[in-house]
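Structural overview
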Amino acid sequence: MSDYDLEMSVCELIDNSIDIWNNRGKKGKPIIDVHFNIEQQIISIVDNCGGIKESQLDSLLAPGASQNSPDDEIIGIFGVGSKRAVVALGNDIEIRSRFGSKETFSIKIDNEWLGDDRWEIPYYKVNEINKGTTEIRIHSLRFGISDGTIHSLRERLGYTYCQFIKMGCQIRINGQRLVASHFEHWAFPSGNPPRQSLFSHQIDGLGEVNFDISAGLILDRDPETENYGAYFYCNDRLICRDVKDRRVGYNVPGELGVPHPDASLCRAVIRINGPAKLMPWNSSKTDVNFDHSTIGYFRPTMMELLKHYSSLSRRLKKDWDRQVFCKTEGDVEIYDNADPEKAKTVHLPTLPRVRQSTEEKILNKNKNKIAKNPYLRGIIEGIVAADLVQKTKISAHPTVYR
């Protein structure tokens, strides 16, 4: 419980609602209402995702129990998230659920129940609520809620559930519908647009995992939040962002170097979809476990892209305004490859040279005049050549070849 803050706890309960919707074949338009009563310090979460069967009510609280299958493409499989979340949020909790048009049942959790050594989970029939609805109401909060709390949570949920919102899932906070927020704010520098690599891997006896890795230079750089590095999604849910440590090649010799503002235009977005048991997340879905076997299937591609665009960011650092930030339109180059071995290599263009030759510098400074009078290019090249010959030291006894 101590590992959970308010935002993590609310996310766990939203995960649970989305999984119920997933298990029903994504039927209907799910609506998840999160309401904060600041005056009374009460949180309520209500969804219309289908409700919970009477036979599965114990899975709400019994440690390790889950109504989800680890073979499905879902979010929650550990059987601990929603349990830790409700207890972390408050001391007095009531959960009411109605599966379809069946009867409505209620479970209550308070300090007396928490202090009981037994794990018996009594439930009671109560007055009917809307069909297919689950309601969670939490009093005696452990965290104070304010307008600032709500603003911060609104921003986090917009990123975390971006893909689900795009699928038609409505998440509302105090009645206001969330807007999907994403991280693919790409720039399109000449010759180096963002790349997207798509490939799959069939893991023997366990299932197929699909990988979608995009990388490029970004337009939304924020020096204060340092919003660059690697961003990870598992089964369409944001797991972690702004990863800039040794696990993704930073501070590793020969890979990405030290995290530095010069490289802060580089971002990679990694999306992994497949059976929940093959997702490399931790149990609270707040970080990626790089010891997980699934990592090895996409890390080479991720590293190749991160290394390329980190280097590109550094090479263009003196001219970001002209070569990056104004390049707002273009196409992402997509590599859709069914062969995972071939997909590990992304065909990347040659990086621009850090230093320009004297000729290149003069030609760039005069490019507007050359565009109007093309003959000027020959004159400039002649002047540069003459200057080069004049500065070249020639041996007093040159060797003559016959």
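Only a predicted model underlies this, so the values are computations on that prediction, with no experimental measurement involved. (Residues numbered from 1 in each chain as written. Predicted model: local features only at pLDDT ≥ 70, side-chain atom pairs only at ≥ 80, totals over all residues. Heavy atoms only, no water.)

1. What to know about the nonpolar core
In this structure, Ile14, Phe36, Phe232, Val248, Ile270, Phe298 and Met302 are the most contacted members of the largest nonpolar core, which totals 83 residues. Phenylalanine 232 has contacts with Arg237, Leu238, Ile239, Cys240, Val243, Val248, Ile270, Val288, Phe290, Phe298 and Met302, leaving out every residue within four places of it along the chain. By size, the runner-up hydrophobic cluster in this structure holds 9 residues, among which are Tyr159, Phe183, Phe188 and Tyr233. (Core = buried A, V, L, I, M, F, W, Y, C linked by side-chain atoms within 4.5 Å. Buried < 20%, exposed > 50% of the residue type's maximum accessible area, 1.4 Å probe, protein only. Contact = heavy atoms within 4.5 Å.)

2. Re the packing of aromatic side chains
Counting across every chain of the model gives 10 aromatic pairs. Considering the side-chain rings of tryptophan 320 and phenylalanine 325, the 6.1 Å spacing of their centres and the 70 degrees angle between planes classify their relative orientation as edge-to-face. Taking the relative accessible area as the measure of exposure, tryptophan 320 reaches 11% and is therefore buried. Of the residues examined, phenylalanine 325 reaches a relative accessible area of 27% and is grouped as partly exposed. Clustering of aromatic rings is evident, with ring pairs tying together Phe199, Phe211, Phe232, Phe290 and Phe298. The ring of tyrosine 233 has arginine 271 lying over it, and the distance from NZ or CZ to the ring centre is 4.1 Å. (Phe/Tyr/Trp six-rings, centres within 6.5 Å; stacked < 30°, edge-to-face > 60°. Lys NZ or Arg CZ within 6 Å of the ring centre and 35° of its normal.)

3. A closer look at the side chain of glutamate 7
Among the structural elements, glutamate 7 can be located in helix α1 (residues 6-23). A polar atom in the side chain of glutamate 7 sits 3.2 Å from the side chain of arginine 156. If sequence neighbours within four positions are ignored, glutamate 7 has contacts with Ser152, Leu153 and Arg156. (Helix = DSSP H or I, 4+ residues; strand = E, 2+ residues; numbered from the N terminus. Polar contact = N/O pair within 3.5 Å; in protein donor to acceptor, adjacent residues only side chain to side chain.)

4. A look at the environment of lysine 27
Position of lysine 27 among the secondary structure elements: in the loop between α1 and β1 (31-37). Sequence spacing of lysine 27 and glycine 50 is 23 residues, and the spatial spacing of their C-alpha atoms is 9.2 Å.

5. What to know about the pattern of salt bridges
Evaluation of the coordinates by the stated rule reveals 17 salt bridges. The closest approach of N and O atoms between arginine 247 and aspartate 287, which form a salt bridge, is 3.3 Å. Of this pair, arginine 247 sits in the loop between β12 (237-243) and β13 (266-273) while aspartate 287 sits in the loop between β13 and α6 (295-315); the two residues are 40 residues apart in sequence, bridging distant segments of the chain. By relative accessible area, which is 27% here, arginine 247 ends up partly exposed. Using a relative accessible area of 26% as the deciding quantity, one classes aspartate 287 as partly exposed. Because the salt bridges share partners, they merge into one network encompassing Glu12, Asp15, Arg237 and Lys285. (Salt bridge = Lys/Arg side-chain N within 4 Å of Asp/Glu carboxyl O.)

6. A closer look at the packing of α1 against helix α4 (residues 147-160)
Where α1 meets α4, the axes come as close as 11 Å, and the angle between the chain directions of the two elements is 50 degrees. In terms of orientation, α1 lies oblique with respect to α4. For the pair α1 and α4, the crossing hand works out as right-handed. Residues Leu6, Glu7, Met8, Val10, Cys11 and Ile14 of α1 lie in contact with α4, whose contacting residues are Thr149, Ser152, Leu153, Arg156 and Leu157. Across the contact of α1 with α4, the residue classes break down as 7 nonpolar, 2 polar and 2 charged. (Axes fitted to C-alpha atoms, helices over the stretch in contact; angles between N-to-C directions. Parallel < 35°, antiparallel > 145°, perpendicular 65-115°, else oblique. Left-handed = near helix turned anticlockwise from the far one by under 90°. Nonpolar A, V, L, I, M, F, W, Y, C, P; charged D, E, K, R; others polar.)

7. Some words on the sheet that holds β13
The strand order across the open sheet built from 6 strands is β12-β11-β13-β10-β9-β14, with neighbouring strands paired in mixed fashion. In this open sheet, the two strands that pair with only one neighbour each are β12 and β14 (333-336). Averaged over all pairs of adjacent strands, the angle between their axes in this sheet comes to 15 degrees, without regard to strand direction. Of the pairings in the sheet, the one linking strand β11 (residues 229-234) to β12 comprises 4 bridges and is antiparallel in character. Note on β12: the bridge partner recorded for phenylalanine 232 is cysteine 240. (Pairing = 2+ DSSP bridges.)

8. A look at the sheet that holds strand β3 (residues 90-98)
Sheet strands line up and pair through hydrogen bonds in the backbone, either parallel or antiparallel. Pairing within the open sheet is mixed, and its 8 strands lie in the order β5-β4-β3-β6-β2-β1-β7-β8. The outermost strands of the open sheet, each flanked by one partner alone, are β5 (124-125) and β8 (176-177). Relative to strand β7 (residues 170-173), β1 runs parallel, the two sharing 4 bridges. Residue pairing for β7: valine 34 is matched across the bridge by isoleucine 173. The sheet strands contacting α1 are β1, β2 (42-47), β6 (134-141) and β7, and the helix crosses β1 at an angle near 150 degrees. Against the sheet, α4 touches β1, β7 and β8, its axis set at about 170 degrees to β7.

By themselves, these are just geometric observations and shouldn't be taken as functional.
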